[in-house]
Every structure is written in structure tokens, then in C-alpha cells.
Amino acid sequence: SIAAFAPPATTQIARQNVRSTQSFNKRTQARLIATPRDGTSSSRPFSAASMGFGPVRKGVSMPLLQNRERSIVASNNHAFSSASIPSADSDRSAGLLQYVNESVTASKKALATLWKFSRPHTIIGTITSVVALHMMMIPSNVGMLFALSPLFLKVVAPTLISALLLNVYIVGLNQVTDVSIDKVNKPNLPLASGAMSMKQAIGVILTSLIAGLLIGFLPGVTTAPLQFTLVASGLLGTLYSLPPFRFKRFPTSAALCISAVRGFVINWGFAAHAFIKLSSDIATSVPIPDLPLKVTLIAAFYTVYGVVIALAKDVPDVKGDEGHGIRSFSVRLGQDKVLALAQWLLSSVHLAAAGVLLFGGGGGMATSNGRFLAAGLAVLAAESIRRERQDVDAKKPEDSYKYYMHLWKMFYLSYFTLPLLR
């Protein structure tokens, strides 16, 4: 039982010690038996030199040597039992510690794989959009510090959890149906690299879909806009990836799916849900002026953003898409033209938003200070989008993917400005 917990090297050394000590003790005990205690000779004479003591010194009696030998045997046995073999309790503790360390390492690896499977840039996009839209719906007489209150967290937390679970379902389903393409375009993704099995991936996406819908439809949590947002997002995500529909094969239908979810569905759905919940839960609620116009302008802005995301995401993937019959705009028109179009669209819509905020009264949006700050950020974003495009070689996947991720950073920044438009 000790060998089962001890490391292999320790076990081997312990066994060697056992054999050598037992052999020594047997020889010593045999000689002790052959020599009587009174020191008289026997049929097997005792030789002190043979025992390693050297010649018997004059004046040293045989019984004294025998006592020394017995002491050595006992000392060897004690040393072996106390030093050579660790106790069973210490070995079990070491084995348990090793098991805990291995379990922690395996758990970290599994979480890292799941995080990569969830496509982190989309997860961050969902978090920023849901939280920002809820913050924008806080009545102006309450103050932004209300976003730190338990009441606000009670409203936003279940909404965010259900939205994130639907996000995992949508991006996970796309990976399940695109394994062969991802082995060419994105070989580091969990399914394409073999870090996650197909069975595990299907289990994750089905669990995410069911749990997300169950949480979003809970009494006290749900509203009609939230139900619409979750169902519509899940349905469009399914049509985008799953055969026989697989809208992603056709560039126009693919762009419509992405822009519809990132534009109208998410922004109208979560904004309306947040307005209903916060109005009913805050005792002193104040109607938000021009809410339909405000949300419509925001949805229009992000609809264009969705089109840009649909265009730019396919630029690094031409090799795999072309080899598997996916006729994206990048395959049909060329990567340089598509990336240039994406940059122009996104820069233009940012400048248009700044113009509405500065000269169009903001569409009923916020105070002048909030509008000016949001407009300034929009102009800076437009310039950043244009400047970053200058050094990109669209035919190099690493360049175009880096630029694509820069567009996502501008996406996050744009949502951070929404609370300024209350």
C-alpha cells in the first residue's frame, strides 16, 4: 500500500534498503547463534574480523562484541523503519496533494478551452451592449450611481446571463458546423484543434440554449421584448449555421442575419426590456423623452455596424471559404475591396452619428454636454478606423484579422458612450 502512493524512485530505493538490511541481519544473527554468550568456542567459530570489526583487541570480551552486534542490528532496523520508508499518512497526503494539483490544472485547462469556444470578442460585445442599454434606460432623475445598486443588478444580471448563454449557443453552433473550414481558417479553435470533442461541443451548445431560454423566461425576469430578443437571436443564429438553411453560404443572407441581430434585435429588444423593468421597479420613474426615436437611431447605427462585421470577418477566411464552397463577398470581390468598403462604411456611420449629435439635436438624446462628448468620441473612432486600415495587407490573414479585432474594440467603445445619451 505504501508503494502505491510513493514515487517510483523512492520505492526502488526503499526495496534495496530492505534487501541489504535483511541480508546483513541474517548473517549477524547466524553468527550470534553460533557463538555462546559465555564466549566458549562452537562448531562455527566467530570471527570479529569477518563482521567488519577488525582484529579483536586485547581486553575486549566476546560478549561485549555480541552486544555491539545486536545493537547494530537493532539500530539498522530502527533506521530503516524511521528513515527509509515514509509513513503511510505522509504518503497519502502527498498523493492527495498531487491529485488536487492535477484536478486544478485540468479544471483551468477546461475553462480556458470553454472560453476560447465561446469566442471572447463576441462575449465582450454582448456584455457591453446589454449593460450599456440598461444604463441608458435609467431615468434621469435617479442618477448613474443607480447602476451600482442591488435593484439595478437584479434587473440586469438575469438578462445578461441569458444573453451570454444564447451567445455561446450561436457561436458554438457555427463551430460545430464549420469544423472542416476552421481547420484551414482557424486551426486554434477548440474543435478544429482537437482540444474539445464534437460530443462535448454539442453538449455545451444544447445546455446553453436550454438554460438561456429557461432563465430569460422566468417569472419576474421576463418581458415580451426579452422573449422576442432571445428567440429571434437563437433562430437567426440557427438559420445562419445549420443545414439545410446555412445562410452563411450566401453573402447577402449572411450579412442580413448578422446585422439584424447586432442591429435591430439586440438594441430594440434589450432597450425595451430595460425600460419596462426599470420603470416598474423604480418607485420614482420618469418617462424618457423621445425613446422610440432614440432607440431607432441607435439600432440603425448598429445595423450598419453589423454589416461591417459581416464583411470584415470573412476577409481572413478566403482560403477555407473558397475551398468549401462559401461564396463570401471577399471570395467574389476580393479582400482589398471588401476591407476598403468595410472601413468606409464604418467611418461614415461614425461621422454621421457625430453630425446628428452635434447639429441634429441628438434625436432627443441627452443634454448638450453628453451629446458633445459622444460626438467627439465618434469622430475619434472614425479617424482610428481609417488610420488603422492604412497599414493592413488584406491578403495576409494575420493583418486582416488584427484589423477585424480593432473594429470590435471600436464596437465596445461605441456602447460605452450610450449612457451619455440618457
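Check the entry above for the structure.
Residues numbered from 1 in each chain as written. Predicted model: local features only at pLDDT ≥ 70, side-chain atom pairs only at ≥ 80, totals over all residues. Heavy atoms only, no water.

Draft legend 1. Expanded view of helix α16 (residues 368–389). Taking 1.5 Å of rise per residue, the 22 residues of α16 would be expected to cover 32 Å, and the 32 Å separating its terminal C-alpha atoms lies within 8% of that figure. Residues of α16 that are buried make contact with α15 (335–359) and α17 (397–416). (Helix = DSSP H or I, 4+ residues; strand = E, 2+ residues; numbered from the N terminus. Expected span 1.5 Å × (residues − 1). Contact = heavy atoms within 4.5 Å.)

Draft legend 2. The arrangement of the pattern of salt bridges in detail. Throughout the structure, instances matching the rule amount to seven salt bridges. The closest approach of N and O atoms between D178 and K248, which form a salt bridge, is 2.3 Å. Taken together, the residues D178 in the loop between α6 (150–176) and α7 (179–185) and K248 in the loop between α10 (224–241) and α11 (251–281) connect sequence positions 70 residues apart. Classification of K248 by relative accessible area gives buried; the value is 11%. (Salt bridge = Lys/Arg side-chain N within 4 Å of Asp/Glu carboxyl O. Buried < 20%, exposed > 50% of the residue type's maximum accessible area, 1.4 Å probe, protein only.)

Draft legend 3. Quick look at the packing of α6 against helix α9 (residues 198–216). With their axes 8 Å apart at the nearest point, α6 and α9 run at an angle of 150° to one another. Comparing the axis directions of α6 and α9 gives the class roughly antiparallel. Seen along the crossing, α6 lies across α9 with a hand that is left-handed. Contacts between α6 and α9 involve P158, I161, S162, L165, L166, V168, Y169, G172, L173 and V176 from the former and M198, A201, I202, V204, I205, S208, L209, A211, G212, L213, I215 and G216 from the latter. Its residues placed into classes, the contact of α6 with α9 shows 17 nonpolar, five polar and no charged. (Axes fitted to C-alpha atoms, helices over the stretch in contact; angles between N-to-C directions. Parallel < 35°, antiparallel > 145°, perpendicular 65-115°, else oblique. Left-handed = near helix turned anticlockwise from the far one by under 90°. Nonpolar A, V, L, I, M, F, W, Y, C, P; charged D, E, K, R; others polar.)

Draft legend 4. Structural detail: α9. Over its 19 residues, α9 extends 27 Å from the first C-alpha to the last, a length consistent with the 27 Å expected when each residue adds 1.5 Å. Of all the positions in α9, only A201, I205, S208, G212 and G216 are classed as buried. One side of α9 carries all its buried residues, which in axial view fall inside an arc of 60°. In α9, the exposed positions angled more than 90 degrees off the buried face are occupied by K199, T207, I210 and L214. (Arc of directions from axis to C-beta.)

Draft legend 5. Just the environment of L380, in detail. Among the structural elements, L380 can be located in helix α16. On a C-alpha basis, the gap between L380 and S347 in space is 9.8 Å, while along the polypeptide they are 33 residues apart.

Draft legend 6. Local environment of the nonpolar core. Counting residues in hydrophobic clusters, the biggest one holds 74 residues, and the most contacted among them are M137, F152, Y305, F411, Y415 and L418. Top element by residues in this core is helix α12 (residues 291–313). It accounts for 11 residues. The residues touching F411, leaving out its near neighbours within four places in the chain, are G125, R262, Y302, Y305 and I309. (Core = buried A, V, L, I, M, F, W, Y, C linked by side-chain atoms within 4.5 Å.)

Draft legend 7. Up close: the packing of aromatic side chains. All told, the structure shown has 14 aromatic pairs when counted by the stated rule. On the basis of an interplanar angle of 65° and a centroid distance of 5.1 Å, the ring pair of W408 and F411 is categorised as edge-to-face. Of the two residues, W408 and F411 both sit in helix α17, three residues apart, roughly one turn of that helix. By relative accessible area, which is 3% here, W408 ends up buried. A relative accessible area of 1% means that F411 is categorised as buried. Between W408 and Y412 the ring centres are 6.2 Å apart and the planes differ by 45°, which places this aromatic pair in the tilted class. Residue W408 and its partner Y412 are both found in helix α17; the two are separated by four residues, about one turn of the helix. Ring pairs connect the aromatic residues F301, Y302, Y305, Y401, Y404, W408, F411, Y412 and Y415, which therefore count as one cluster. (Phe/Tyr/Trp six-rings, centres within 6.5 Å; stacked < 30°, edge-to-face > 60°.)

Draft legend 8. Representation of the side chain of S208 in the model. Among the structural elements, S208 can be located in helix α9. For S208, a relative accessible area of 7% puts it in the buried group. Once residues lying within four places of it in the same chain are set aside, the contact partners of S208 are L165, V168 and Y169.

Draft legend 9. Looking closely at the packing of α12 against α17. Relative orientation of the contacting elements α12 and α17 amounts to 165°, with a least axis distance of 10 Å. In terms of orientation, α12 and α17 fall into the roughly antiparallel class. Judged by the sense of rotation from one axis to the other, the crossing of α12 with α17 is left-handed. Only Y404, L407, W408, M410, F411, S414 and Y415 of α17 make contact with α12, whose side of the interface consists of F301, Y302, Y305, V308, I309, A312 and K313. Split into classes, the residues belonging to the contact of α12 with α17 amount to 12 nonpolar, one polar and one charged.

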